[in-house]
Structure formats: structure tokens, C-alpha cells
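Each chain, letter by letter, is given below.
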Amino acid sequence: MSTNMGYLPHLQSREEYVDYLEGFTLPTVDELKEGTLSRKLLKSYMLETARHDQAVPKLDSIFPNRIHLHRLDETLYRVEDTNHAGSTVGLLESLHNRYPVFYTTMAANESNKWVQQIVDQNPWLDRLWLSSPILFELWQYVKRNTPDHRYVRLGFEHEAWYEASTDYYDSDGNTDYWESNLSDDEDTELGFLERRRSKVALTERLSILQDKLQQLIDLYDPLHSLVHLQIPGGDHGGHVFYHDGRSTNRSNSFIEHRATIELVLNLYRSVTESAETNLWIDTTEAGEEGFIINGAPITIRFQEPLSEATFNRFVDLGLQRRTSRFRIGGYLTRRGPTKVHLAAIDRHLWQPFLMEATSKQLLGVLPSGTCGNTIHRLVTNVQRYLSPNIDVWLGSQLYTDTVADSIKSA
């Protein structure tokens, strides 16, 4: 089958696919005539199921009926999709029981859409959420293990999506239209919706970034929201990791790319399990004294309090809409102009938890068994869309300290 659409060839073993993705296979005569290459840019998507001590369906049973997983060995599957004429859209590898990884050479717009459809329709799956503190800790790893002359790529992004703009008006001068979901680029008779949006990409020598980056972050708050990082490869290029668990192989080695993904997964698993251990709320009997409550809350504190209008927009669009990027919902109780209580449901695994939201902070209480990726997803999306400069505590310990401790055991 031609790979012009980015499909993988129909091979029968891990060794054959590794050879293909490493570029060891020679191009066909047709590919040479057409000027196409047999090896295309590889995209990887790190996904999450549930903790190993929970009952999780077999991997090949949690995908839609149109998706067929063909086992190649104990942990690797060839993925075929009838919506793509039964073509091999990628490979699925269970690098860890909890974290399957989807590899594909489809064009990024196609693979992003494919993964989004699979995740959005499936409570057993979620993306791996690489929060800014996790990416910044990987940045520390890069600094320790990369020669000073190598170039490093970092991307920062913050869009004040929930900010209530007073610049949005209709022909009657009404500024009360912020509930609209119009895009930033949509030109309508109602006027223009302007909001704070910062997108910064830096590609610079490591020696310069080591000297200047922290000064830039201190000067400009949106740079606290790190959304992608390229970990340099051993030869040239590298491996770009994004906040939503995507990764692009821009090195010349699939084997090196897979090893780098495993490094990131080990860090993520360690910090997630550490957070779960510290935060999960449960009770133990204490004899005549009754019960002892174990666990602690997660606290996300904004450096600058939200305005009442922005807070209300966040509650409406972020905590109550079915399509919320936070992937949570539930039953809301108002406790004041800028305070709500939420009996929340995480749409990943449909797990309940409690949240208090105010203009100054978010506070969450996770019952025993709640997936720790709830924490990473909250932190990631708060920094990217609500408040870039935040402090996060897991009980009495800073989230950043938990991440830093976790990479030592990764």
C-alpha cells in the first residue's frame, strides 16, 4: 500500500516496523519516481488509562468497533481503521500498563483529529498532560545532559480565554456578550473580541538560554506557561514534547525517540503516583476515637485574583460546559459572588471529586482511586487559559518539589 497518505505499510513484526521507522528499508521504484520518501515525520501520542490496581478493560477492547488492533507481540499492536479503508494508521505500544503510546506517520492535522475523536468518546482514555512544572523539570534535565553549543527549542503560550473583555460590543453598545464561543478571527457585525494572547517560541543555544531565560520569565508572566520543549537528540534534531502528550520525532532515530518517550513516561508515572499517594482522601478506624481521615487537598493559587466577570465566565465555560477543555463537570452551588462549590465528575473514568473555586484559588479533594492526571490537566489548562503564574500545593508540599523529587527516581 502506498504511504503517500502517511499510512504505515502492512508489516508483521516489531523488528520490521523498527527497521522501517529507522529508515533502514529502501524506497520503492514508484516512490523514487514520485519523489516521495518511505519514511515520514513520526508523531507519538502518549495516552493514559488507569492505575494498575484498578479494573481496566483490555487495551484492544476500549477502542471503537471501527478500530482493529492486531497484536504483533506482547506490547505492540498494528492499528487499522475502517474509516481509513482499513489502512494501518499507526502502531500502539503499551510501554507501561497505564500509558499506551500511539505512533503514526499521518499528517499532523489528521493524526490530531484521529486521537481527539478516540479520546473524547472514551472515558477509559485520556491524554497525558505534561504540565508546565513537568516540562520545566525536563528543561532542567536538558541543561544537565546537553552540551552548551546545542540549540534548544521552547514554546510558551497563554490565552486569557475566560477573560471578560469590555472591548466586545454590539451595535447597541451592549458589552454583555462574552458568553459567545466566537473565535478570535471571526469577523461579525457584533464587533471584535479582544483578549490577552501570548505565544512565544525560542530556539537558541543552550548557553544563552541558561543565562537569560529565567530573567525573561520574571519579566513576563505568560512565560510561566511552557507548552512545548524539544529535547535534543544524540546527533542532531531532537524530540518535541507538547503539553497535551503529543511528541514529534525530529531526530534521525526512532529507537532514540522511543527511549526519550520512556524517560518522560517514567517521570510522569512517578509524579502521578506520588501525588495520588499524598492526596487521596480515605478513612481508617481509630478504635474508640472513631475514624482518622487520611489525605490532603490540591490547592492552585493565582498570583493575581480573577475579576468577578472573568471568574463567572470560567465557572460557566470551564466548569459547567460538556465540551470544557478541563474535561470535568458536575453540580454547582453558589456560595458568593466569586465562590462556588462543585460536586465534580472527571470525564476520564467518570470519577467524582470535590472542588471549591474562588477568585483567588482552586481547591480540590480527590477520593481514593481518583486518577492523578486530574491534577496535571487542571494545572496545564489553568496556566494556559486562566492564570499563567500560579502556585500549586499537593497538601503541604509544592507541586514543583514533587516533580523535582520524582525525576530522581524516574
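Residues numbered from 1 in each chain as written. Predicted model: local features only at pLDDT ≥ 70, side-chain atom pairs only at ≥ 80, totals over all residues. Heavy atoms only, no water.

K.L.:
Explain the packing of aromatic side chains to me, and be specific about the residues and the numbers.
P.N.:
This structure, assessed with the given rule, holds 7 aromatic pairs. Taking 4.5 Å as the distance between ring centres and 15° as the angle between the ring planes, the aromatic pair formed by Phe102 and Trp114 counts as stacked. Of this pair, Phe102 sits in strand 5 (residues 99–104) while Trp114 sits in helix 3 (residues 108–120), and the two are 12 residues apart along the sequence. When its relative accessible area of 4% is taken as the criterion, Trp114 is described as buried. Chaining the aromatic ring pairs together yields one cluster made of Tyr45, Phe102 and Trp114. Over the face of the ring belonging to Tyr242 we find Arg246, whose NZ or CZ atom lies 4.2 Å from the ring centre. Across the ring face of Tyr385, the terminal group of Arg325 is positioned such that the distance to the ring centre comes to 4.1 Å. (Phe/Tyr/Trp six-rings, centres within 6.5 Å; stacked < 30°, edge-to-face > 60°. Helix = DSSP H or I, 4+ residues; strand = E, 2+ residues; numbered from the N terminus. Buried < 20%, exposed > 50% of the residue type's maximum accessible area, 1.4 Å probe, protein only. Lys NZ or Arg CZ within 6 Å of the ring centre and 35° of its normal.)

K.L.:
Any details on the nonpolar core? Residues and values, ideally.
P.N.:
Among the nonpolar cores identified, the biggest contains 78 residues, and Met46, Leu130, Trp139, Leu154, Leu229, Ile300 and Ile375 are the most heavily contacted of them. With 9 residues, the single largest contributor to this core is helix 6 (residues 254–279). For Leu154, the contacting residues outside a window of four places in its chain are Trp139, Val200, Ala201, Leu202, Leu209, Leu213, Leu226, His228 and Leu229. Tyr7, Val79, Ile118 and Val119 belong to the second-largest nonpolar core, a separate cluster that totals 19 residues. (Core = buried A, V, L, I, M, F, W, Y, C linked by side-chain atoms within 4.5 Å. Contact = heavy atoms within 4.5 Å.)

K.L.:
An account of the pairing of strand 19 (residues 390–394) is requested, with residue identities and associated values reported.
P.N.:
Covered by surrounding structure in strand 19 are Ile390, Val392 and Leu394 only, the residues Asp391 and Trp393 on the alternate face being uncovered. As defined by bridge partners, strand 14 (residues 298–302) adjoins strand 19 across 5 bridges and the pair is classed as antiparallel. For Ile300, the partnering residue across the bridge sits in strand 19 and is Val392. Two elements, strand 19 and strand 20 (residues 397–398), share 2 bridges in a ladder whose sense is antiparallel. When the sheet's bridge partners are listed, Leu394 is paired in strand 20 with Gln397. Hairpin geometry of strand 19 and strand 20 is characterised by an intervening segment of 2 residues between the two adjacent antiparallel strands and by a positive phi of about 70° at Gly395. (Pairing = 2+ DSSP bridges.)

K.L.:
Explain the packing of helix 4 (residues 132–145) against helix 5 (residues 206–219) to me, and be specific about the residues and the numbers.
P.N.:
It is at 11 Å that the axes of helix 4 and helix 5 come closest, and there the two elements cross at 150°. On the basis of the axis angle, helix 4 is roughly antiparallel to helix 5. In the crossing of helix 4 with helix 5, the sense of the turn from one axis to the other is left-handed. On the side of helix 4, the interface is formed by Phe136, Trp139, Val142 and Lys143, while helix 5 contributes Leu206, Leu209, Gln210, Leu213 and Ile217. Grouping the amino acids of the contact of helix 4 with helix 5 by side-chain chemistry returns 7 nonpolar, 1 polar and 1 charged. (Axes fitted to C-alpha atoms, helices over the stretch in contact; angles between N-to-C directions. Parallel < 35°, antiparallel > 145°, perpendicular 65-115°, else oblique. Left-handed = near helix turned anticlockwise from the far one by under 90°. Nonpolar A, V, L, I, M, F, W, Y, C, P; charged D, E, K, R; others polar.)

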